[in-house]
Each structure stands twice: as structure tokens, then as C-alpha cells.
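Letter by letter, the chains look like this.
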Amino acid sequence: MSTSLRLALLAPLLFAAVAACSPQVQDQIAREAARSTVARVVTQQLPGVPVQPAIDCVIDNATAAQIYALGADTLGGPTQSSVEIVAQIASQPQTVQCLATRGLPALMQGQTAGRAG
């Protein structure tokens with residue numbers, strides 16, 4: 001069975017399962033899914049940037065709509081839209097401040113892309 005066919009069959013089941021959860025659980029699931037997409041985007045688009053601090057800063061400064069859009073891209077992988085959303089979030093002043101506060105120390109300690117934890 002092809003990957004796209006599996007995704008097409010599993011996606012409705014996954015969304016139905018998430019819909020049955022409490023709002024807090026839904027938010028947690030969406031954030032974890034979005035983290036996966038953000039990690040891939042950061043690793044691909046920003047080589048050398050500390051992955052974990054960048055993920056945290058992007059997720060912490062994303063709107064609910066952005067979280068859900070990034071979470072939806074977890075199944076098929078990052079899209080151009082994912083890259084654009086991450087870039088929008090990363091360019092916000094509060095995200096830049098977060099990256100300077102969290103990312104710069106990690107960069108100075110040698111925690112670069114590819115080492116997400």
C-alpha cells in the first residue's frame with residue numbers, strides 16, 4: 001500500500017479520534033504534531049540553527065490557527081505553506097526575542113541542527 005493511500009485512509013480516523021478528546025488534549029496533540037513539522041522545517045530551511053530552542057520559540061509564539069495548520073502537515077510532511085507559516089512566526093518580534101534569549105546560548109554551546117534534544 002502506498003504512503004499516500006495509507007495517509008488518506010488513516011487521516012479521517014486520526015481526526016475523529018482527536019475530535020473526541022477534551023480541548024486541552026486536542027491542543028496538546030496539535031502542538032506535538034506542529035512540533036514535528038516545525039522541526040523538519042527548521043532542520044531543512046535553517047541549517048545550523050539550534051533546533052530545540054527554535055521549535056520552542058516558534059510553537060510558543062504561534063496562534064492556534066498556525067498550530068493547527070502546522071499540525072495538519074505532520075501527516076504528509078512540510079509544505080511550502082508550512083515553511084511560510086514558520087517564517088511568519090519566526091519574524092515576529094517576540095519570536096526574535098525568544099530566539100535571541102534561548103537560541104543564542106544554545107548556539108554558543110554547540111547545540112545545532114540535527115540535535116533536537
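Everything that follows concerns the structure shown earlier in this document.
Here's what I pulled together on the structure shown here. (Residues numbered from 1 in each chain as written. Predicted model: local features only at pLDDT ≥ 70, side-chain atom pairs only at ≥ 80, totals over all residues. Heavy atoms only, no water.)

Now for the overall build of the protein chain. Secondary structure assignment for the protein chain yields six helices and zero strands. Listing every helix and strand of the protein chain by position from the N terminus yields α-α-α-α-α-α. Scored against the burial criterion, the 117 residues of the protein chain give a buried share of 32%. Sequence-distant contacts, at least 24 apart, represent 73% of the contacts inside the protein chain between residues at least 6 apart. Accessible area for the protein chain stands at about 6700 Å²; split by element, carbon and sulfur atoms hold 63% of it. (Helix = DSSP H or I, 4+ residues; strand = E, 2+ residues; numbered from the N terminus. Buried < 20%, exposed > 50% of the residue type's maximum accessible area, 1.4 Å probe, protein only. Contact = heavy atoms within 4.5 Å. Areas by Shrake-Rupley, 256 points an atom, 1.4 Å probe, with all protein chains shown as cover.)

Turning next to the pattern of salt bridges. As enumerated under the stated definition, the model contains four salt bridges in all. For R35, the salt bridge is made with D56, and the minimal N-O distance between the two is 2.4 Å. Highlighted residues: R35 in helix α2 (residues 23-45) and D56 in helix α3 (residues 51-60), separated in sequence by 21 residues. Using a relative accessible area of 18% as the deciding quantity, one classes D56 as buried. In this structure, a network of salt bridges that share partners links the residues E32, R35 and D56. (Salt bridge = Lys/Arg side-chain N within 4 Å of Asp/Glu carboxyl O.)

On to the state of the cysteines, then. The tally for this structure, following the rule as stated, stands at one disulfide. Disulfide partner of C57: C98, at an S-S distance of 2.0 Å. Every disulfide takes its handedness from the sign of the S-S torsion; for C57 and C98 that torsion is -80°, giving left-handed. Separated by 41 residues along the polypeptide, C57 in helix α3 and C98 in helix α6 (residues 93-108) bring together distant segments of the chain. Per residue, the accessibility class of C57 equals that of C98, and both read buried. (Disulfide = S-S within 2.5 Å.)

What follows covers the nonpolar core. In terms of nonpolar packing, the biggest core is built from 18 residues, with V38, I55, I59, I67, L70, V86 and I89 touching the most fellow members. Where this core is concerned, the elements lending two or more residues are α2, α3, α4 (64-72) and α5 (80-90). Per element, the largest residue contribution to this core is six residues, and it comes from α2. I59 has contacts with R31, A34, R35, V38 and I67, leaving out every residue within four places of it along the chain. (Core = buried A, V, L, I, M, F, W, Y, C linked by side-chain atoms within 4.5 Å.)

Moving on, we get to the environment of Q94. Looking at the element boundaries, Q94 is found in helix α6. Linking Q94 and C57, residues 37 residues apart in sequence, is a C-alpha distance of 8.7 Å. Of the polar contacts made by the side chain of Q94, one reaches the side chain of Q92; its length is 3.0 Å. (Polar contact = N/O pair within 3.5 Å; in protein donor to acceptor, adjacent residues only side chain to side chain.)

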